[in-house]
Amino acid sequence: MLRRGLNRLFGGDERRVDSRTVYVGHQPCPSTQAFVPPKFCDNRIVSSKYTVWNFLPKNLFEQFRRIANFYFLIIFLVQVIVDTPTSPVTSGLPLFFVITVTAIKQGYEDWLRHKADNEVNNYPVNVLENGRRTQKESKKIKVGDIVEVLEDETFPCDLILLGSSRDDDTCFVTTASLDGESNHKTHYTVPDLESDLEVLNATIECEQPQPDLYKFVGRMHIHKDGQEPAVRSLGPENLLLKGATLKNTRVVYGVAVYTGMETKMALNYQGKSQKRSVVEKSINGFLLVYLCILLSKALVCTTLKYVWQNQRGQDEPWYNQKTQKEKEANMFLKMFTDFLSFMVLFNFIIPVSMYVTVEMQKFLGSFFITWDRDFYDREIQEGALVNTSDLNEELGQVEYVFTDKTGTLTQNNMEFIECSIDGFQYKYQDSRTELDGFCVTDGPVSKLQQKAGREKEELFLRALCLCHTVQVKEAGQGVGFADQVDGVDVASAVEQRGFIASSPDEVALVKGAMKYGFTFLGLESKSMKILNRNNKIEKYELLHVLNFDPVRRRMSVIVRSPDGETLLFCKGADSSIFPRVRQEEVERIRMHVERNATEGYRTLCVAYKRLTDEVFARVDAELREARLALQDREERLVAVYNQVEKGMNLIGATAVEDRLQEEAAETMEALQSAGIKVWVLTGDKMETAKSTCYACRLFQRSTELLELTVRTLEEGGRKRGERLHELLLDYHKRAVQDAPPPKGGVTRTWSSAAQEYGFIIDGTTLSLLLNASSDVVSSNYRSLFLQICQNCTAVLCCRMAPLQKAQIVKMVKNSKGNPITLSIGDGANDVSMILEAHVGIGIKGKEGRQAVRNSDYAIPKLKHLKKLLLAHGHLYYVRIAHLVQYFFYKNLCFILPQFLYQFFCGYSQQAPPQPFDPSPPSHCTTQPI
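Residues numbered from 1 in each chain as written. Predicted model: local features only at pLDDT ≥ 70, side-chain atom pairs only at ≥ 80, totals over all residues. Heavy atoms only, no water.

Draft legend 1. Region of interest: the overall build of the protein chain. Looking only at helices and strands, the protein chain has 26 helices and 33 strands in total. Within the protein chain, buried positions represent 50% of all 929 residues. Restricting to contacts in the protein chain with at least 6 residues of sequence separation, those with at least 24 account for 71%. Carbon together with sulfur atoms contributes 54% to the accessible area of the protein chain, which is approximately 45,400 Å² in total. (Helix = DSSP H or I, 4+ residues; strand = E, 2+ residues; numbered from the N terminus. Buried < 20%, exposed > 50% of the residue type's maximum accessible area, 1.4 Å probe, protein only. Contact = heavy atoms within 4.5 Å. Areas by Shrake-Rupley, 256 points an atom, 1.4 Å probe, with all protein chains shown as cover.)

See below:
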């Protein structure tokens, strides 16, 4: 009834079932006549596969789904039913051993999962019930319970934050166990709630459970007697996820909205697809070949037996008279049983023990990686990690390496280098003067005017201090800004406390503003405090945060200054900011941005806009309306963001340095010398990524770059589709048709006179290339693109979205020849390509551990990739190749004498006598040969 009323109130469809209603504290709202609590699943987590009752049938069914096990089961049954020359023990005992060992291993692993589940399900949790704090087991939490969580505890289910011990109604959490991000994230309570949660009467309408960790849409209806229900918007900033840990907050209270197997953590741990190595696939091919050989041998021997017995006197010799039953037996049935007998006799051509031996070789071989001291990094005090041992030999067959740039080729250690304000360069150095907190050595573009105006400088620095989501980390109790009299003491206190941010870029910019005299003091009750050059504290009311989006590539804040003026500050990539500001302002900044990008710095542009009271009132209403929507909330928010972020004024740009990883250039050079193609897939702008490729020696100064970007497509004034087709044909002619035939061995020869090519493409052009209007045209474009890339020494893909990275890897993986691909990255945006490639490698970097958790192998630094592929991978491949070939050769040599022996024993399915055994065969009265 409530849901139907809410749907009518907000224009929804009464039949819609894509939302759920949660009663906070299980209290019915006043509008309901009869309260019937909805039924949801309990908070029990089940990650195990088996129970005591279904373990045996379920495990046997899974094991006999493997072709080899099922084959030997059939052979064993034939030996039991049919009179065969070998004992059923010869097939049954090895099969029983393999099945038993595998069942014990899987049963032990499942027992560990049961043990872990019980620890989680029986964890004590404090719950508010009927005005009292009671303790219950985690598995007994129900949707609607109000849960209390203390500092450093993990959340037992997905909660909507209702109350926090912090004065600013926020809390900090770490989600390292969910997405690998180790940075602190800020979450907010639902605004304007009753301080006493025991009397809170509210309902929550939210979406049904879905696995996306960063999306949540809902709204809360607060009911008071005699009043219309107040509506509050709910988003991911209000949702505390199961598995996350509370930090820097004494206690929080939240209402359970998703429990048990419906939590986002449970929905995200359904297991990834199992990767299979090429060797394992080739073993299955060998098995089919040897099975054909087995069938051929059995068929030949059966045919020759009856041909030989049709001769006079051979069918019924005097020493082996047929019984009456044998004379009356069906001829075709007798031929079939003889065929099965030969199958049993020759069945050892299929090696039953090979699978166990290969698995043990892979499992024990994986320890060589974890034991390697060269992989140990003293900085993080960790070595290499092997998440799966099934792909060891794949490391030695890699043909393509797809690598991320930030945090993989570079260190992801951001340092503020310089900035440009109103077209004038400001570069900080240690030697400082009394001149407005800036350096004497600041290098202006024009010598006539040494600096930008003081007003522009302070506006720029205020933008750096306000346009971010950085929080000041508390270091101790009793430290307050109001208690500090001297501004210098305040700044030193902030430096000791440190900053909390989800991105190292933001911390670098805030610390960069500190170098020039503006210090961010923190957020307190929606009031952002900064310390200016004059050691005075300024307070800005935070009105709205327009969050960063990888499509928009910018973020903004709307604040109200102490003078009552409403300002919008925006920072983002130049491609996102330049179209939204005046062009005369762009020309003053563009040269600095391009020069810094060419030098390998990460650049961001900063803009601002003054909002009138009428404009802000309209924007505020539109934002609140969009945040209350349950359907298409994100699209409506983006539309409002794009509308308000128009007509801004460009203030300046920043340059942040991200240095190369240790031995990155030597590693890339070694991989290319081994014949491995290296592709760089990054979301950074082209100039920055190109500079990194030159520094890593992927591009040489003599390399001719073939560029397929938006800039090249817009040259000539023609349509993008026509220009794309023309460029593809031109590049194909130069790099493929006119190129000399490739030489075997090393791909890069330094003394070669042949022209080397490098290819550059951006995300927009890739979307145009892959999403052509016709399937035929798209297939033709893709074919030309692949042929060009395969003839280039290195490929750079810039401005790439995570999904596009996976598309590139999938395209190469499924190309002609099915080359072995490897993806390596360190961040959450690299997970898609890590899962898509044959082998995924995660780097234990500074963007968390999500890439490590989803990878097959993890290494501390990029430099370790060289030894992992060229030493360990090569040896693994040689070892397993010799092992598999030995098994098939051994079994073939073992069966061949038995096959030849049939020509001397009258095709009687007689096994050759054992060496040094003088006794005659049991089924024949003749003397052994």
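Back to the write-up after that little detour.
Draft legend 2. Structural view of the pairing of strand β16 (residues 415-421). Of all the seven residues making up β16, six are buried; the element is thus mostly covered by neighbouring parts of the structure. The pairing of β16 with strand β26 (residues 649-657) spans six bridges and is antiparallel. Considered in β26, the bridge of Glu415 is made with Glu657. With four bridges joining them, β16 and strand β17 (residues 424-427) adopt antiparallel strand pairing. The residue of β17 that forms the bridge with Ser420 is Gln425. What sits between the antiparallel neighbours β16 and β17 is a turn of two residues, in which Asp422 has the positive phi angle 55°. (Pairing = 2+ DSSP bridges.)

Draft legend 3. Quick look at the packing of aromatic side chains. Applying the stated criterion to the full structure yields 19 aromatic pairs. By way of ring pairs, the aromatic residues Phe342, Phe346, Phe899 and Phe903 are connected into one cluster. (Phe/Tyr/Trp six-rings, centres within 6.5 Å; stacked < 30°, edge-to-face > 60°.)

Draft legend 4. Main features of the packing of helix α20 (residues 720-737) against helix α21 (residues 763-770). Axis separation between α20 and α21 bottoms out at 11 Å; the angle between their running directions is 90°. Taken as axis vectors, α20 and α21 run roughly perpendicular relative to one another. On α21, the residues touching Arg720, Leu724 and Leu728 of α20 are Thr764, Thr765, Leu768 and Leu769. Of the residues assigned to the contact of α20 with α21, the class counts are four nonpolar, two polar and one charged. (Axes fitted to C-alpha atoms, helices over the stretch in contact; angles between N-to-C directions. Parallel < 35°, antiparallel > 145°, perpendicular 65-115°, else oblique. Nonpolar A, V, L, I, M, F, W, Y, C, P; charged D, E, K, R; others polar.)

Draft legend 5. Quick peek at the packing of helix α6 (residues 278-309) against helix α8 (residues 331-346). As a packed pair, α6 and α8 sit with axes 9 Å apart at the nearest point and diverge in direction by 135°. Compared by their axis directions, α6 and α8 come out oblique. The handedness of the crossing between α6 and α8 comes out as right-handed. From α6, Leu294, Leu295, Lys297, Ala298, Leu299, Cys301, Thr302, Lys305 and Tyr306 reach across to α8, where they touch Met331, Lys334, Met335, Asp338, Phe339, Phe342, Met343 and Phe346. Its residues placed into classes, the contact of α6 with α8 shows 12 nonpolar, one polar and four charged. (Left-handed = near helix turned anticlockwise from the far one by under 90°.)

Draft legend 6. The arrangement of a nonpolar patch on the surface in detail. Together, Phe70, Ile74, Leu77, Val80 and Ile81 make up a nonpolar patch on the protein surface, roughly 480 Å² of accessible area in all. Examined against the element boundaries, Val80 turns out to sit in helix α3 (residues 67-81). (Patch = residues over 30% accessible without salt bridge, like charges linked within 9 Å, V, L, I, M, F, W, Y side chains within 5 Å. Salt bridge = Lys/Arg side-chain N within 4 Å of Asp/Glu carboxyl O.)

Draft legend 7. Focus on the sheet that holds strand β29 (residues 757-762). Spatially, nine strands are ordered β14-β33-β32-β31-β15-β27-β30-β29-β28 in an open sheet, and the strand pairing comes out mixed. At either margin of the open sheet sits one strand with a lone partner, and together these are β14 (385-386) and β28 (704-708). Relative to strand β33 (residues 857-859), strand β32 (residues 839-843) runs parallel, the two being bridged by three bridges. Note on β33: the bridge partner recorded for Ile843 is Ile859. Strands in contact with α20 are β28 and β29; relative to β28, the strand with the most contacts, it is inclined by about 155°.

Draft legend 8. Summary view of the environment of Asp830. Along the chain, the position of Asp830 falls in the loop between β31 (821-825) and α24 (831-836). Between the C-alpha atoms of Asp830 and Ala806, which are 24 residues apart in sequence, the distance is 8.6 Å. Sequence-distant contacts of Asp830, that is, excluding residues within four places in its chain, are made with Asp404, Lys805 and Gly825.

Draft legend 9. Inspection of the side chain of Thr203 at higher detail. Mapped onto the fold, Thr203 is located in strand β8 (residues 202-207). Given a relative accessible area of 0%, Thr203 falls into the buried group. Side chain to side chain, Thr203 and His223 meet in a polar contact 3.5 Å long. (Polar contact = N/O pair within 3.5 Å; in protein donor to acceptor, adjacent residues only side chain to side chain.)

Draft legend 10. Region of the structure containing helix α12 (residues 504-515). Its 12 residues place the ends of α12 17 Å apart at the C-alpha level, agreeing with the 16 Å of an ideal helix rising 1.5 Å per residue. The buried fraction of α12 amounts to nine of the 12 residues, a majority that puts the element mostly inside the structure. Asp505, Glu506, Val507, Ala508, Leu509, Val510, Gly512, Ala513 and Met514 are the residues of α12 that are buried. Directly beyond the C-terminal end of α12, a positive phi value near 105° is found at Gly517. (Expected span 1.5 Å × (residues − 1).)

Draft legend 11. Focus on the environment of Gln381. If you trace the backbone, Gln381 turns up in the loop between α9 (354-371) and β14. With relative accessibility at 60%, the residue Gln381 sits in the exposed group. In sequence terms Gln381 and Pro860 are 479 residues apart; their C-alpha atoms lie 9.2 Å from each other.

Draft legend 12. View of the nonpolar core. With 41 residues, the main nonpolar core has Phe460, Phe499, Val559 and Phe569 as its most contacted residues. A per-element tally of this core places helix α10 (residues 454-466) first, with seven residues. Each residue touching Phe460, except ones within four places of it in the same chain, is listed here: Cys419, Ser420, Ile421, Val606, Ile651, Gly652, Ala653 and Thr654. In this structure, Ile369, Phe375, Leu796 and Tyr857 belong to the second largest nonpolar core, which totals 38 residues. (Core = buried A, V, L, I, M, F, W, Y, C linked by side-chain atoms within 4.5 Å.)

Draft legend 13. Representation of the sheet that holds strand β10 (residues 230-234) within the structure. The strand order across the open sheet built from four strands is β1-β8-β9-β10, with neighbouring strands paired in antiparallel fashion. What marks the edges here is a single partner per strand, and that holds for β1 (19-23) and β10. Each strand of the sheet is rotated relative to its neighbour by a mean of 20°, with strand direction disregarded. Two strands pair when backbone bridges link them, and strand β9 (residues 218-222) and β10 are joined in this way by five bridges, in the antiparallel orientation. Directly across from Gly218, in β10, lies its bridge partner Leu234.

Draft legend 14. Spatial organisation of the pattern of salt bridges. Counted under the stated rule, the structure contains 38 salt bridges. One salt bridge connects Glu418 with Arg595, and the closest N-O pair in it is separated by 3.1 Å. Separated by 177 residues along the polypeptide, Glu418 in strand β16 and Arg595 in helix α14 (residues 583-598) bring together distant segments of the chain. A salt bridge links Arg624 to Asp620, with the nearest nitrogen and oxygen atoms 3.0 Å apart. With Arg624 and Asp620 both in helix α15 (residues 613-627) and four residues apart, the pair spans about one turn of that helix. Among the charged side chains, a network of salt bridges with common partners joins Arg454, Glu458, Arg462 and Glu538.

Draft legend 15. Spatial organisation of the side chain of Thr712. Mapped onto the secondary structure, Thr712 falls in helix α19 (residues 710-713). At 3.5 Å, the side chain of Thr712 and the backbone oxygen of Glu707 are in polar contact. Only 2.8 Å separates the side chain of Thr712 from the backbone oxygen of Thr709, close enough to count as a polar contact. Beyond its immediate stretch of four places on either side in the chain, Thr712 contacts Glu707, Arg723 and Leu727.

Draft legend 16. Seen up close, unusual backbone geometry. A positive phi angle, near 70°, is found at Asp152, a position not held by glycine. Following the sequence through the fold, Asp152 ends up in the loop between β4 (146-150) and β5 (158-164). Among the residues examined, Asp152 registers a relative accessible area of 49% and is labelled partly exposed. Residue Arg697 is not a glycine yet carries a positive backbone phi of 65°.

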